[in-house]
Amino acid sequence: PINSTVTSSHRKIEKMVRFTSAALILASAFTANAFSAVPKTGTRTVINRDIKTPDPVPFEGQQEALSVMQSGKMYRYNIAAGEESIVSKCEIEITEYTGHKYCVALNSCGSALMLLLKTSGLEHGGKVISNAFTFGAVPSAIEHAGGKAVYVESDYNHVMDVPDLEKKLKENPDCKHVMVSHMRGKVADMNAIAELCEKYDAILLEDCAHSLGVRWEDKHTGHAGIACAISSQSYKMINSGEGGFFLTDDPLMAAKCAVYAGAYESLNGKHVTVPGPEVFGTLSNELPNYSVRMSNLAAAVIRPQIKTLDERIDLYNSRYNKLTASLEEKVGEYISIPVNTPGVSMPVHDSIQINLSQDFSDSEVEDILVECGDHGLAVELFGHKNNARNFVNWGFAPAEEPLPMTAKMLSRAIDCRMPLMWDDSDFEDMALVLSEAILSVVAKRS
């Protein structure tokens, strides 16, 4: 079961309060006179919780990890014939959750992204089209695989812009790979993207690092393309510190991935979620061993977290809906919240992204961030000069043409985690700190 604190918090989620007509009048007056609504110095809301609080490992995972350490058998292949390693058991449970046929557990999602490209035939110097808005690990994986990144604009819903994807496919007829990143769990129009990939003969791959649990048309993300990758890094839905999974229904890609990961000689026989030996053939002699396997220790802490995914998703989404409703009520005229693409049948909101109005100047945006920080809430600007999610910081894989839509969006897009271990009241405070910061900056204009 989930930590009792979380379960208790989930039970105590309050019912939404309906405003009376009098309250609505007051709310209208609040918006019209924003400067008068900012609390006086000394009465502002302050948060005293750590925004970087990761999800804890359930007790069951702690026990299994201790058992692994006591046995010393942390290497996934240190098992007798006919046994299943803890990593293999974890891979089975991941495939049961996502609906994929094959799975290879790895040391990071970055390794999984790199192997998506290697196993799907990317040639050295080959072009890979991807989002202009994503984490730097995605272009890093493209560079790691020997590819050359080509970037597609991202829109105000923080997803790949489909018209610009077609434009880039037309301009790059030699590009054979498209890697769509579901950044912060935001999913683009995958039907349209899949159709364009088919039209222009490009292989579609999905970065699902942020979209574990997200469903597109009632199927888990990662099925529109031929393969995908998910993450178990500390700030994802499953936490092993570092870790990732390569998922596909393609037998040859799965076999290649297992060999690249470190299934040398006949070690593929100690996997469960890979194809049979007839698919592996002589691959262990043809492909290098990158030694990027997941350990039994990482798998031990992941396994019990898979069981609680849906319950935790419900809690995240409930809190998110209340938080966004509160923000739209308080400062709706100064912000917009990214909207889920039609086709997303189950979102996962473990963080919040907000587009500040373009009417705010650069200095006002900075003032909002400082106001939040001064009151205990660390909020990041995606377009900050040091943010690893800002494409201008990818000197190792630079954009070769302007990306004005993405740059404009990033310049006003702010990001804040929603730690599971916080209490419901902390998210009420989060809404207040954010809205008070925005309104205090607006008040200075008067």
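About the cut-offs
- Residues numbered from 1 in each chain as written.
- Predicted model: local features only at pLDDT ≥ 70, side-chain atom pairs only at ≥ 80, totals over all residues.
- Heavy atoms only, no water.
- Pairing = 2+ DSSP bridges.
- Helix = DSSP H or I, 4+ residues; strand = E, 2+ residues; numbered from the N terminus.
- Buried < 20%, exposed > 50% of the residue type's maximum accessible area, 1.4 Å probe, protein only.
- Salt bridge = Lys/Arg side-chain N within 4 Å of Asp/Glu carboxyl O.
- Axes fitted to C-alpha atoms, helices over the stretch in contact; angles between N-to-C directions.
- Parallel < 35°, antiparallel > 145°, perpendicular 65-115°, else oblique.
- Left-handed = near helix turned anticlockwise from the far one by under 90°.
- Contact = heavy atoms within 4.5 Å.

(A) Examining the sheet that holds strand 11 (residues 344-346) more closely. Read across the sheet, three strands follow the order 7-6-11 without closing on themselves; strand pairing throughout is antiparallel. In the strand order of this sheet, the two ends are held by strand 7 (219-220) and strand 11, each with one partner. Where strand 6 (residues 215-216) lies against strand 11, two bridges are found, and the strand directions are antiparallel. Each bridged residue has a counterpart across the sheet, and for Trp 216 the counterpart in strand 11 is Val 344.

(B) Spatial organisation of unusual backbone geometry. One non-glycine residue, Arg 184, lies in positive phi territory at about 55 degrees. Among the structural elements, Arg 184 can be located in the loop between strand 4 (177-181) and helix 9 (190-199). In this model, Ser 291 sits at a positive phi of 50 degrees, which is unusual for a non-glycine residue. Topologically, Ser 291 is positioned in the loop between helix 12 (283-286) and helix 13 (296-307). Using a relative accessible area of 44% as the deciding quantity, one classes Ser 291 as partly exposed.

(C) Just the pattern of salt bridges, in detail. Scanning the entire structure with this criterion turns up 23 salt bridges. The shortest N-O distance in the salt bridge between Asp 415 and Arg 184 comes to 2.7 Å. With a gap of 231 residues between them, Asp 415 in strand 14 (residues 413-417) and Arg 184 in the loop between strand 4 and helix 9 connect regions that are remote in the sequence. Overall, Asp 415 belongs to the buried group, its relative accessible area being 6%. Using a relative accessible area of 15% as the deciding quantity, one classes Arg 184 as buried. Among the ionic pairs, Asp 424 bridges to Arg 319, the shortest N-O distance being 2.9 Å. Placement of Asp 424 in helix 17 (residues 424-443) and of Arg 319 in helix 14 (residues 309-331) is noted, with a sequence separation of 105 residues between them.

(D) Representation of the packing of helix 6 (residues 109-119) against helix 10 (residues 251-261) within the structure. In the contact formed by helix 6 and helix 10, the axes pass within 10 Å of each other and the chain directions differ by 125 degrees. Between helix 6 and helix 10, the crossing angle belongs to the class labelled oblique. At the point where helix 6 passes helix 10, the crossing takes the right-handed sense. Between helix 6 and helix 10, the residues in contact are Leu 115, Leu 116, Lys 118 and Thr 119 and Met 253, Lys 256, Cys 257 and Tyr 260, respectively.

(E) Examining the pairing of strand 9 (residues 244-248) more closely. The buried count for strand 9 comes to five of five residues, which makes it a mostly enclosed element. Pairing geometry for strand 1 (residues 102-106) and strand 9, over five bridges, is antiparallel. Across the sheet, Val 104 pairs through a bridge with Phe 246, a residue of strand 9. In the sheet, strand 8 (residues 227-231) pairs with strand 9 via five bridges, with the strands oriented antiparallel. Looking at the pairing, Ser 231 lines up with Gly 244 of strand 9.

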